[in-house]
Amino acid sequence: MPSIKQVQITFDCADPERVARFWCEVLGYVVPPPPKGFADWDEFNGTLPPERQGSAFACQDPSGVGPRLFFQRVPEGKTVKNRLHLDVRIGPGLVGEERLAALEAECARLIPLGASRVELLRADGFNESCLVMRDVEGNEFCLD
């Protein structure tokens, strides 16, 4: 029988803390405690060599059920569409206008946090409606 593995989702980005804090707000995640012996992440960060300061940040599901998200600074910018993206499940079980209203309400909550709306994909008889968005650094995700 195969073993069950935990999954961490890693994002390459320019500003790890900014992107991590955005996703904390989207998902209700929290920043994990700093390493033992440090009062906060700023104190820990101050002990790193200058080129490593601010190079990584994380957030996690406070219930421990969802995957940990890890954000790492990379020198190159985003240039193409993501090959992998997160679907934020806003309306499971909802259909029609009720689903659209839930998607639009969540979109309205996320835009002031720095998200941007890309496109509403309406139900097509096979898939229910979803709303394509971008996070604070332009990474695509869907409200589903």
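Overview of the structure. (Residues numbered from 1 in each chain as written. Predicted model: local features only at pLDDT ≥ 70, side-chain atom pairs only at ≥ 80, totals over all residues. Heavy atoms only, no water.)

## A few points about the sheet that holds strand 7 (residues 140-143)
Ordered by their spatial adjacency, 4 strands build an open sheet running 4-7-6-5, and the pairing between neighbours is mixed. Single-partner strands in this sheet number two, and they are strand 4 (86-88) and strand 5 (116-121). Across the sheet, the axes of successive neighbouring strands diverge by a mean angle of 25°, strand direction being ignored. Contacts from helix 3 (residues 96-110) reach strand 5, strand 6 (130-134) and strand 7 within the one sheet, and its direction differs from that of strand 6 by about 15°. (Pairing = 2+ DSSP bridges. Helix = DSSP H or I, 4+ residues; strand = E, 2+ residues; numbered from the N terminus. Axes fitted to C-alpha atoms, helices over the stretch in contact; angles between N-to-C directions. Contact = heavy atoms within 4.5 Å.)

## Side note on the side chain of Asp-61
Its location among the elements puts Asp-61 in the loop between strand 2 (56-59) and strand 3 (68-73). Buried charge without a salt bridge: Asp-61, with Arg-68 as the nearest opposite-charge side chain at an N-O distance of 12 Å. A distance of 3.5 Å separates a polar atom in the side chain of Asp-61 from the backbone nitrogen of Val-65. For Asp-61, the contacting residues outside a window of four places in its chain are Tyr-29 and Gly-66. (Buried < 20%, exposed > 50% of the residue type's maximum accessible area, 1.4 Å probe, protein only. Lys, Arg positive; Asp, Glu negative; His and termini not counted. Salt bridge = Lys/Arg side-chain N within 4 Å of Asp/Glu carboxyl O. Polar contact = N/O pair within 3.5 Å; in protein donor to acceptor, adjacent residues only side chain to side chain.)

## A word on the environment of Phe-44
Here Phe-44 is to be found in helix 2 (residues 41-45). Along the backbone, Phe-44 and Pro-67 are 23 residues apart, and their C-alpha atoms lie at a distance of 24 Å. Setting aside residues up to four positions removed in sequence, Phe-44 forms contacts with Pro-35 and Phe-38.

## Some thoughts on the layout of surface pockets
Considered as a void within the structure, the largest pocket measures approximately 490 Å³ in volume. Every residue lining the largest pocket is counted, 23 residues in all, and those nearest its centre are Phe-11, Asp-12, Lys-78, Asn-82 and Asn-139. Counting only elements with at least two residues in the lining of the largest pocket, the list comes to strand 1 (8-13) and strand 7. In terms of residues, the lining of the largest pocket owes the most to one element, strand 1, which gives 5 residues. Of the residues in the lining of the largest pocket, the class split is 10 nonpolar, 6 polar and 7 charged. Each pocket or cavity is described by its volume, and for the second largest pocket that value is around 340 Å³. Lining the second largest pocket are 19 residues, with Trp-41, Phe-44, Asn-45, Ala-56 and Phe-57 positioned closest to its centre. Those elements that place two or more of their residues in the lining of the second largest pocket are helix 1 (16-27), helix 2, strand 2 and strand 3. Of all the elements, helix 2 adds the most residues to the lining of the second largest pocket, at 4 residues. (1 Å grid on protein atoms, 1.4 Å probe; cavity = no way out; pocket = protein on both sides within 12 Å on 5 of 7 lines; lining within 4 Å. Points joined across faces, edges and corners; volume = space filled by probe spheres on them. Nonpolar A, V, L, I, M, F, W, Y, C, P; charged D, E, K, R; others polar.)

## Here's the deal with the state of the cysteines
One pass over the structure, following the stated rule, counts 0 disulfides. This cysteine, Cys-130, is not joined by any disulfide, and Cys-142 carries the nearest cysteine sulfur, 4.5 Å off. (Disulfide = S-S within 2.5 Å.)

## Points about the nonpolar core
Judged by nonpolar contacts, the single largest core of 25 residues is most densely connected at Trp-23, Leu-69, Phe-71, Met-133, Phe-141 and Leu-143. Among the secondary structure elements, those contributing two or more residues to this core are strand 1, helix 1, strand 2, strand 3, strand 4, helix 3, strand 6 and strand 7. At 6 residues, the largest contribution of residues to this core is made by helix 1. Apart from the residues within four sequence positions on either side, Phe-141 is in contact with Phe-22, Trp-23, His-85, Leu-86, Val-88, Leu-110, Ala-115, Leu-131, Val-132, Met-133, Arg-134 and Asp-135. (Core = buried A, V, L, I, M, F, W, Y, C linked by side-chain atoms within 4.5 Å.)

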